[in-house]
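Geometric and topological summary
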Amino acid sequence: MKYEILPWLILFLPLAAAGCITLFTLRYRTVSALLSIGAIVTGFVLSVIFINANGWQPSTGESIANWLTIGGLQVDFGLKLDALSLMMLLVVTGVGGAIHIYSFGYMHDDRGFSRYFACLSLFTFSMLGIVLANNFIQLFISWELVGVSSYLLIGHWFERPSAGDAAKKAFITNRLGDFGFLLGILMVWGILGSLNFSVLQGLLLQNSSALGTMATIAGLLVFCGAVGKSAQFPLHVWLPDAMEGPTPVSALIHAATMVAAGVYMLCRIFFVLNPEALHVIAYIGGFTALLAALIAVQQDDIKRIIAYSTLSQLGYMVMAVGLSGQTAAMFHLTTHAFFKALLFLSAGSVIMALHHEQNIWKMGDLRKKMPITFWTFLLGALALSGVWPLSGFFSKDSILAQALEQHNYLLFADGVFVAGLTTFYIFRLFFVVFFGKEKSEIASHAHESPAVMTWPLIVLAVFSVIGGVIGIQGIYHRLFVGEAEQAIGFGQMLFEPFAQAPLTASLGILAVIIGFFAAFTLYAKADQDPLPAKLGGLATAMKNRFYFDELYEATVIRLHDFIAAVMDWIDRWLVEGLGIGLVRGGTDLTGRALRLVQTGNLQTYAFLFVLGVAVVMWLVLK
Amino acid sequence: MHVGLEHYLTVSFLLFALGLLGVIMRRNLLVIYMSLELMLNAANLALVSFSRFNDKLDGQVLVFFIITVAAAEVAVGLALIVALYRKRQSAHVEDLTTMKL
């Protein structure tokens, strides 16, 4: 393997940048930003060089340094290098790089500018750690680091109580999932005795029932981690709140990379999951996709709509993993990273033009005032809906085809329906924001964002358009299925889905068309939302996110508060009152009594001394 | 009447007890100091008599050491008392209660 040092450099450059910014350049805004952007762009360039030199399947596949050995537990610090991690490397550094540059414009007037870039670099390091990890422990550590940096970035504007609360909510909800994840890791280690992915895969290939009766439980526990990080039902509540963070953060962490880490992890450890576990995973994914899409239909906050859309798309990916379609899942993850980052950044551009107004019913008619944002958003929306020949069409189609191939007609129908809903809600947003009348004073004064923000949009838009036909699917296919796909020409690749599974492709397109026309008729000229009048109670439920937050408030949080109150009582009265109180009071009393002895009179001391000597002598001579 | 070891020791004990009483009861530092010397000399007497009745010179050697140490102690002790008196205009133990909290 050539240039073995490169992956290590790519991994540690962002950490060095984060350290450097925190220690030295907090005061020099531009230097901090350049350090952070430089680290990730260099990472992207080095990734391209490395892949050029070694291809998608480097000969060694792993680069290992022994880290620690405790009894039978041996933990390596190693890098896994295969098509999966290398492609993710490109996505994280590429999309991340675009977002870093965009942040330079978006955060320009922020007081915590340097702090923001330090956190961004820390996040990049952690995310690359997840992508490159070759064992469970390293993966888990990076996993937690990603959680921390996400916490820091959501709470970037910590002066706002809502931001602080959202950060806490995200972190704690993730911890719930991670608890299961850790148990799963321990279980796998306890039964199989190794944490290294390649070793584990080898063991399970030799003997597929090596996990014994615990296989399903171990698989589902590991899946818990993905439920938390990828915000699947029932831990999906944190992601929409995480939109309190700056918009580039939402784009980078809560759309393109971090939330995708759960799906990536499932593909990485796919060999651990047995059919029963996969079954559960598929249905949770499908349900999340449907639930989030329904909620997205009735949200008014531009970022929240896109956040629920992210949830829904993540549901697709998890469903694809559950249907044993890792290729489809990773393909959709990659294209989704492009177009969802694009949508978020375009939304950020709109938000900034409107001086941080996020309610779509106060926007309108922005198409002529912000032409670049308008066009890039349109491309992103088309790609998200899955319009042929944009990237989203190919990846979504491969997931639907996978469902059909597994003869899971329920999930297939679910997928098609959600595809229609996706088109509907994203074009509802699109029409309300960019068409119609100006619905507020600020909307009429909007103007296009600076070039440092529009260029990343254009780059991402290009990839959102061509992402489906540049061979990403083939690379994943070779890794997961093992056989080389026959090389097909560009033109053939465009029409491949129609040739392979005409029913799926046409149904998908039909759903998109229906969704689009529904959105067009309802929202193209609407001043306010016509849907509540038509749907009544259902619309209210959608708007209130199906009352999940309220449900958790009434059950989980109430229970938690009760336990906390009991613990508080025990701590206050038993531990502190009885335990500490007795010891403290006793010491105090003894001290007071003994103080009386200290008269300060020399002769009393002399007398006591003699008395002491007499007692000792009596004891000795007795 | 034959004078035996016990007689010497009795005298020594009486001297020691007198010295001790002086240290505990008297108020004047100088007197306390003299009482201390008395106690040392009671010990000396005991040591000499042990030496005499055991036909060994060890006890007498020890006495020389004690006398030397006592001389040095007197020099230091008296100097301290004089310094204290100059500072406080008093050599009474009741006035020296600064060790009290």
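Residues numbered from 1 in each chain as written. Chains lettered and ligands numbered in written order. Predicted model: local features only at pLDDT ≥ 70, side-chain atom pairs only at ≥ 80, totals over all residues.

**Notes on the overall build of chain A**
Counted only if it meets this: Helical segments are the DSSP runs of H or I of at least four residues, strand segments are the runs of E of at least two, and each set is numbered from the N terminus. The burial label depends on the number of other C-beta atoms within 10 Å of a residue's C-beta. Counts of 20 or more mean buried, 12 or fewer mean exposed, and intermediate counts mean partly exposed, with C-beta atoms placed from the backbone. Here, residues touch in the contact sense if the C-beta positions derived from the backbone fall within 7 Å of one another.
If you tally the helices and strands in chain A, you get 26 helices and two strands. On the principal axes, the C-alpha backbone points of chain A span a range of 115 × 65 × 50 Å. In chain A, which comprises 622 residues, the proportion classed as buried is 50%. Taking as baseline every contact in chain A between residues at least 6 positions apart, the subset at least 24 positions apart corresponds to 81%.

**Concerning the overall build of chain B**
The criterion, for reference: Computation of the radius of gyration draws on C-alpha atoms alone. For the globule rule, the value is 2.2 Å times the number of residues to the power 0.38.
Helix and strand counts for chain B stand at three helices and zero strands. Starting at the N terminus and ending at the C terminus, chain B contains elements arranged as α-α-α. Computed over C-alpha atoms, the radius of gyration of chain B comes to 17 Å, more than 25% over the 13 Å expected from 2.2 N^0.38 for 101 residues, which places it beyond the range of a compact globule. Across its three principal axes, chain B shows a C-alpha extent of roughly 50 × 25 × 25 Å. Here chain B holds 101 residues, and 10% of them are scored as buried.

**With respect to the interface of chain B and chain A**
Put simply, the rule reads: Gly counts as polar in this scheme, as do all residues outside two lists: the nonpolar Ala, Val, Leu, Ile, Met, Phe, Trp, Tyr, Cys and Pro, and the charged Asp, Glu, Lys and Arg.
Contacts between the two partners involve 10 residues from chain B and, on the opposite side, 10 residues from chain A. Grouping the constituent residues of the side of chain B that touches chain A by class yields seven nonpolar, two polar and one charged.

**Notes on the packing of helix H15 (residues 371-385) of chain A against helix H17 (residues 409-434) of chain A**
A pair of packed helices is characterised by two quantities: the angle between their axes and the separation of those axes. All names here are of chain A. The criterion, for reference: Lines fitted to the C-alpha atoms define the axes, with helices restricted to the stretch that makes contact. Angles between their N-to-C directions range from 0 to 180 degrees. Convention used here: angles under 35 degrees read as roughly parallel, angles over 145 as roughly antiparallel, angles from 65 to 115 as roughly perpendicular, and any remaining angle as oblique. In this scheme, a crossing is called left-handed if the near helix is turned counterclockwise away from the far one by less than a right angle; it is called right-handed if the turn is clockwise.
Orientation of H15 relative to H17, taken along the N-to-C sense of each, is 165°, at an axis distance of 9 Å. With respect to their mutual orientation, H15 and H17 come out roughly antiparallel. Crossing hand, H15 versus H17: left-handed. In this structure, H15 uses Phe374, Phe377, Leu378, Ala381, Leu384 and Ser385 to contact H17, whose residues at the interface are Thr422, Thr423, Ile426, Phe427, Phe430 and Phe434. Within the contact of H15 with H17, the residues separate by chemical class into nine nonpolar, three polar and no charged.

**A look at helix H12 (residues 275-296) of chain A**
Stated precisely, the cut-off is as follows: One fewer than the residue count of a helix, multiplied by 1.5 Å, yields its expected span.
With 22 residues, H12(A) should reach 32 Å at 1.5 Å per residue; the first-to-last C-alpha distance of 31 Å fits that figure. Within H12(A), 16 of the 22 residues are buried, which leaves it mostly tucked inside the rest of the structure.

**Structural notes on the packing of helix H3 (residues 83-106) of chain A against helix H10 (residues 247-256) of chain A**
Residue and element names in this part refer to chain A. For the pair H3 and H10, the least separation of the axes is 8 Å and the interaxial angle reads 160°. When the axis of H3 is compared with that of H10, the two are roughly antiparallel. Where H3 crosses over H10, the two elements pack in a sense that is left-handed. Along the contact surface, H3 presents Val95, Gly96, Ile99, Tyr102, Ser103 and Tyr106, while H10 presents Thr247, Pro248, Ala251, Leu252 and Ala256. A per-class count over the contact of H3 with H10 returns eight nonpolar, three polar and no charged.

**Concerning the environment of Ile67(B)**
Summarising the element assignment, Ile67(B) is placed in helix H3 (residues 58-88). Residues Ile67(B) and Phe13(B), 54 residues apart in the sequence, show an inter-C-alpha distance of 19 Å.

**A word on the nonpolar core**
Residue and element names in this part refer to chain A. Which entries qualify depends on this criterion: By definition, a nonpolar core groups buried Ala, Val, Leu, Ile, Met, Phe, Trp, Tyr and Cys residues that connect through C-beta atoms lying within 7 Å of each other.
In this structure, Val263, Ala341 and Val433 are the most contacted members of the largest nonpolar core, which totals 194 residues. In terms of residues, this core owes the most to one element, helix H14 (residues 326-353), which gives 17 residues. Excluding residues within four positions of it along the chain, Ala341 makes contact with Val95, Ile99, Ala251, Ala255, Ala256 and Leu460.

**Some details on unusual backbone geometry**
Residue Phe233(A) is joined to Pro234(A) through a cis peptide bond whose omega torsion reads 5°. A positive phi angle, near 55°, is found at Ala231(A), a position not held by glycine. Relative to the elements of secondary structure, Ala231(A) occurs in the loop between helix H8 (215-229) and helix H9 (238-241). The class for Ala231(A) is buried, based on 30 C-beta atoms found within 10 Å. In the Ramachandran plot, Asp55(B) falls in the positive-phi region, its phi being about 55° despite a non-glycine side chain. Inspection of the secondary structure assignment puts Asp55(B) in the loop between helix H2 (29-54) and H3.

**A closer look at the environment of Leu531(A)**
All names here are of chain A. By secondary structure assignment, the location of Leu531 is in helix H23 (residues 531-535). Residue class for Leu531 comes out buried when judged on the 20 C-beta atoms lying within 10 Å of it. The contact partners of Leu531, leaving out residues within four places of it in the chain, are Gln298, Leu522 and Ala539.

**Remarks on the confidence of the model for chain B**
Selection rule: The predictor's confidence in any single residue is recorded as pLDDT, a number from 0 to 100.
Averaged over all residues, the pLDDT of chain B is 89; the fraction at 70 or higher stands at 97%. Complex prediction metrics read pTM 0.77 and ipTM 0.83.

**Regarding helix H22 (residues 502-523) of chain A**
Between its first and last C-alpha atoms H22(A) spans 31 Å; for 22 residues at 1.5 Å apiece the expected length is 32 Å, and the two agree. Listed in full, the buried residues belonging to H22(A) are Thr504(A), Ala505(A), Leu507(A), Gly508(A), Ala511(A), Val512(A), Gly515(A), Phe516(A), Ala519(A) and Tyr523(A).

**Topic: the confidence of the model for chain A**
In the predicted model, chain A carries a mean pLDDT of 85, and 97% of its residues have values of at least 70. For chain A, per-element mean pLDDT is lowest for helix H21 (residues 490-500) of chain A, which scores 69, and highest for helix H4 (residues 113-132) of chain A, which scores 91.

**Topic: the environment of Phe181(A)**
All names here are of chain A. Relative to the helices and strands, Phe181 is located in helix H6 (residues 161-192). Judged by local crowding, Phe181 falls into the buried class, with 27 C-beta atoms found within 10 Å. Once residues lying within four places of it in the same chain are set aside, the contact partners of Phe181 are Phe140, Leu221, Val222, Cys224 and Gly225.

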